[in-house]
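Structural features, examined
What follows is the residue order along each chain.
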Amino acid sequence: MPDEGRGTVEAGGPRNPGVLVISHGSPDEHWVALVEAAVADAAGDLPAGLPLACAFLETVEGRLIQDGIDRLESQGVTDMIVIPLFVSSGSTHIDEIAYALGVKDTPEMETDLERFRVSARVFFGDPIDDGPLVAQMVWDKVRALSVQPEREVLLLIGHGSRHPGFLQRWELGIASLAAQCAELAGLAGGADYALLNPDSVHTKVRYWSEEQGMNVIVAPLFLSAGYFTKVTIPSRLEGLAHRYSGDALLPHPLMARWMSQQILNIMGSLTC
């Protein structure tokens with residue numbers, strides 16, 4: 001069940017659902033365009049005329065979270081389904097956005113994000129984390145790198161966190177996803193994970209390549225290609241035996257399905 005925030009819409013009136021998809025944002029226009037395209041594709045699986053807005057935490061002027069809220073409420077939305085399009089529950093951004101939307105009374109981490117102006121009831125969904133669709137996306141992005149499955153292991157690399165509690169959520173989600181990817185890929189070494197924060201990339205790659213004699217296929221667990229996939233991860237992998245294409249989750253048609261399924265599930269649970 002989604003977490004519900006307190007809105008100010010009067011009880012007893014007509015209920016009008018709408019959807020707000022929130023992602024981080026980037027100065028890279030291509031990054032933004034990939035997210036917008038996935039959201040537009042998801043709309044095709046939703047009821048015709050359902051109000052939907054794509055918003056960003058930062059950087060994308062005119063498309064920030066308050067802009068999205070205002071746009072939906074101007075269309076009469078009373079029940080706002082919020083989909084946090086982030087790869088992990090361990091992101092501190094999930095915490096601060098939930099707080100700013102009124103879903104939780106106090107943030108776990110200090111934030112500069114102030115409470116948003118929102119009248120609709122907020123139904124806060126789940127970030128990506130894991131699941132069959134996510135595992136399929138990850139494997140689809142790297143399957144071309146597999147040439148000797150009997151000697152390979154898949155290593156997921158995620159951002160991670162240095163904050164207690166958030167790190168554990170990161171580890172829980174990515175460990176579950178790695179297990180699902182292992183079952184799907186059928187590689188001899190299965191699948192494992194490493195994080196950038198705290199940094200375990202070098203240790204994990206050396207373990208699998210040098211101690212276990214496996215060819216390491218690296219899958220970046222990031223929403224869209226950017227600095228982390230193009231610069232940070234390659235720098236951490238420098239000098240280590242590995243195969244890496246740098247392909248992030250987007251673009252992939254299953255991302256739209258992941259969003260639409262969650263939206264429809266929440267819509268089915270809404271109560272007046």
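Use the structure listed above.
Residues numbered from 1 in each chain as written. Predicted model: local features only at pLDDT ≥ 70, side-chain atom pairs only at ≥ 80, totals over all residues. Heavy atoms only, no water.

1. Thoughts on the overall build of the protein chain
- Each helix and strand counted, the protein chain has 8 helices and 9 strands in total.
- Here the C-alpha radius of gyration of the protein chain, 19 Å, is about what a compact globule of 272 residues would show, namely 19 Å.
- With respect to the three principal axes, the spread of C-alpha positions in the protein chain is 65 × 40 × 30 Å.
- Taken across its 272 residues, the protein chain has 52% of its residues classed as buried.
- Put simply, 76% of the contacts in the protein chain that link residues at least 6 apart link residues at least 24 apart.
- Per element, the accessible surface of the protein chain, about 12,300 Å² overall, is 50% carbon and sulfur. (Helix = DSSP H or I, 4+ residues; strand = E, 2+ residues; numbered from the N terminus. Rg over C-alpha atoms; globule rule 2.2 N^0.38 Å. Buried < 20%, exposed > 50% of the residue type's maximum accessible area, 1.4 Å probe, protein only. Contact = heavy atoms within 4.5 Å. Areas by Shrake-Rupley, 256 points an atom, 1.4 Å probe, with all protein chains shown as cover.)

2. Observations regarding the nonpolar core
- By size, the foremost hydrophobic cluster in this structure holds 52 residues, and its most contacted members are Leu-154, Met-255 and Met-259.
- Counting residues in each nonpolar core, the second largest holds 24 residues, with Leu-72, Met-80, Ala-100 and Leu-101 among its members. (Core = buried A, V, L, I, M, F, W, Y, C linked by side-chain atoms within 4.5 Å.)

3. Side note on the packing of aromatic side chains
- In this structure the tally under the stated criterion is 3 aromatic pairs.
- Ring geometry for Tyr-207 against Trp-208: centres 5.1 Å apart, planes inclined by 80°, an arrangement best described as edge-to-face.
- Taking relative accessible area as the criterion, Tyr-207 reaches 31% and is therefore assigned partly exposed.
- For Trp-208, a relative accessible area of 13% translates into the label buried.
- Considering the side-chain rings of Tyr-227 and Phe-228, the 6.4 Å spacing of their centres and the 80° angle between planes classify their relative orientation as edge-to-face.
- Assessed through its relative accessible area of 59%, Tyr-227 is described here as exposed.
- Since its relative accessible area comes to 34%, Phe-228 is described here as partly exposed. (Phe/Tyr/Trp six-rings, centres within 6.5 Å; stacked < 30°, edge-to-face > 60°.)

4. Digging into the pairing of strand S5 (residues 121-124)
- The alternating pattern of S5 places Arg-121 and Phe-123 and Val-122 and Phe-124 on opposite faces, both of which are buried.
- Two strands pair when backbone bridges link them, and strand S4 (residues 79-84) and S5 are joined in this way by 4 bridges, in the parallel orientation. In the sheet register, Met-80 faces S5, and the bridge partner there is Val-122.
- Each parallel crossover has a hand, and for S4 linked through helix H3 (residues 92-100) to S5 it is right-handed. (Pairing = 2+ DSSP bridges. Right-handed = clockwise from strand over helix to strand, strands pointing away.)

5. Description of the sheet that holds strand S9 (residues 243-244)
- Spatially, S7-S6-S8-S9 is the arrangement adopted by the 4 strands of the open sheet, whose pairing is parallel. Because the sheet does not close on itself, it has two edges, and the strands there are strand S7 (191-197) and S9.
- Relative to S9, strand S8 (residues 215-220) is paired through 2 bridges, and the arrangement is parallel. Bridging from a neighbouring strand, Val-218 pairs with Tyr-244 of S9.
- Seen against the sheet, helix H6 (residues 201-211) touches strand S6 (152-160), S7 and S8 and runs at an angle of roughly 155° to S7. (Axes fitted to C-alpha atoms, helices over the stretch in contact; angles between N-to-C directions.)

6. Some words on the environment of Phe-166
- Tracing the sequence through the fold places Phe-166 in helix H5 (residues 166-185).
- Distance from Phe-166 to Glu-211, taken between C-alpha atoms, is 30 Å for residues 45 residues apart in sequence.
- In this structure Phe-166 touches Gly-90, Ser-91, Thr-92, Asp-95, Glu-108, Met-109 and Ser-161, once residues within four positions along its chain are discounted.

7. Examining helix H2 (residues 65-74)
- All of the buried residues in H2 are Ile-65, Gln-66, Gly-68, Ile-69 and Leu-72. Down the axis of H2, the smallest arc covering the buried residues is 160°, so these residues share one side.
- Those residues of H2 that are buried lie in contact with strand S2 (17-23), strand S3 (52-56), S4 and H3.
- With its phi angle positive at about 85°, Gly-76 sits one or two positions after the end of H2. (Arc of directions from axis to C-beta.)

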